[in-house]
Amino acid sequence: MTDTELYRDIILDHSENPRHKHALPDANAQARGYNPLCGDDITVYLKVDGDRIAAAAFTGQSCAICQASASMLTEIVAGRRVDEVDPLVGTLQAMLKGEAVDTTELGDAEALRSVGRLPIRVKCATLSWHALQAALLESGAVKGG
Ligand code: ZN
């Protein structure tokens, strides 16, 4: 199996069987992301407990890539420290631009690497991550500026 096939299978798995796709009743941070180019409209929910993300979930309607990316996000960030999670957004964006970055922390989201070849899809792949950042800012867990 080539990397491309492996990545495609991981994206398909997350888009067809999204993890944590539900509202989070005890969320204390949330943000909605809308991508007019594609029609993706999702909301990311976080339960921030001190300096940790105790739980993450998402809801909404989106294309397969956006849904897969949001599903990956909820798996990657849950249980991690906020200060570890915030830089992952930059890592993901750099990877999509084709920059040589260490992607080991991205987990399954490394499979989105192939999306970088399709500029119109990059917004789909990053939408939930921007919502994650907005939610963290809103929660006060990450300082703006
Ligand atoms: Zn999309």
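See the structure printed just above.
Below you will find a few notes about this structure. All values reported here derive from a predicted model rather than from experimental measurement.

The subject of this paragraph is the coordination of the zinc ion. Those donors, Cys 38 (SG), Asp 40 (OD), Asp 40 (OD), Cys 63 (SG) and Cys 124 (SG), are the protein atoms that reach the zinc ion, and they lie 2.2 to 2.6 Å from it. Counting residues between consecutive donors of the zinc ion along the chain gives the motif C-x1-D-x22-C-x60-C.

Along strand β1 (residues 29-35), the buried face is formed by Ala 29, Ala 31, Gly 33 and Asn 35; none of Gln 30, Arg 32 and Tyr 34, which line the opposite face, is buried. Counting the residues between successive antiparallel strands, the hairpin from β1 to strand β2 (residues 40-49) contains four residues, one of them, Gly 39, with a positive phi of roughly 95 degrees.

This next bit is on helix α1 (residues 3-16). Relative to the 20 Å expected for 14 residues at 1.5 Å per residue, α1 spans 20 Å between its end C-alpha atoms, a close match to the ideal helical length. Of the positions making up α1, those classed as buried are Tyr 7, Ile 11, His 14 and Ser 15. When α1 is viewed along its axis, its buried side chains cluster within an angular range of 100 degrees and face the same direction. In this structure, the buried residues of α1 make contact with α2 (64-77).

Moving on, we come to the sheet that holds β2. Pairing within the open sheet is antiparallel, and its three strands lie in the order β1-β2-β3. Looking along the sheet, the strands with just one partner apiece sit at the ends: β1 and β3 (52-61). Taken over all neighbouring pairs, the strand axes of this sheet differ in orientation by 20 degrees on average, direction set aside. Those strands touched by helix α4 (residues 119-139) are β1, β2 and β3, and its axis lies near 150 degrees from that of β1.

Once that is clear, we can look at the nonpolar core. In this structure, Leu 46, Leu 112, Trp 129, Leu 132 and Leu 136 are the most contacted members of the largest nonpolar core, which totals 41 residues. The residues touching Leu 136, leaving out its near neighbours within four places in the chain, are Leu 46, Val 48, Ile 53, Val 82, Val 85, Ala 141 and Val 142.

Applying the stated criterion across every chain, the model contains nine salt bridges. Arg 32 is the partner of Asp 41 in a salt bridge, and the nearest nitrogen-oxygen pair spans 2.6 Å. Taking relative accessible area as the criterion, Arg 32 reaches 61% and is therefore assigned exposed. The salt bridge partner of Glu 105 is Arg 80, with a shortest N-O separation of 2.4 Å.

Rules of the game
- Residues numbered from 1 in each chain as written.
- Predicted model: local features only at pLDDT ≥ 70, side-chain atom pairs only at ≥ 80, totals over all residues.
- Heavy atoms only, no water.
- Donors = N, O, S within 2.8 Å, 3.2 Å for Na, K, Ca; no water.
- Buried < 20%, exposed > 50% of the residue type's maximum accessible area, 1.4 Å probe, protein only.
- Helix = DSSP H or I, 4+ residues; strand = E, 2+ residues; numbered from the N terminus.
- Pairing = 2+ DSSP bridges.
- Expected span 1.5 Å × (residues − 1).
- Arc of directions from axis to C-beta.
- Contact = heavy atoms within 4.5 Å.
- Axes fitted to C-alpha atoms, helices over the stretch in contact; angles between N-to-C directions.
- Core = buried A, V, L, I, M, F, W, Y, C linked by side-chain atoms within 4.5 Å.
- Salt bridge = Lys/Arg side-chain N within 4 Å of Asp/Glu carboxyl O.

Purely geometric numbers; function is a separate question.
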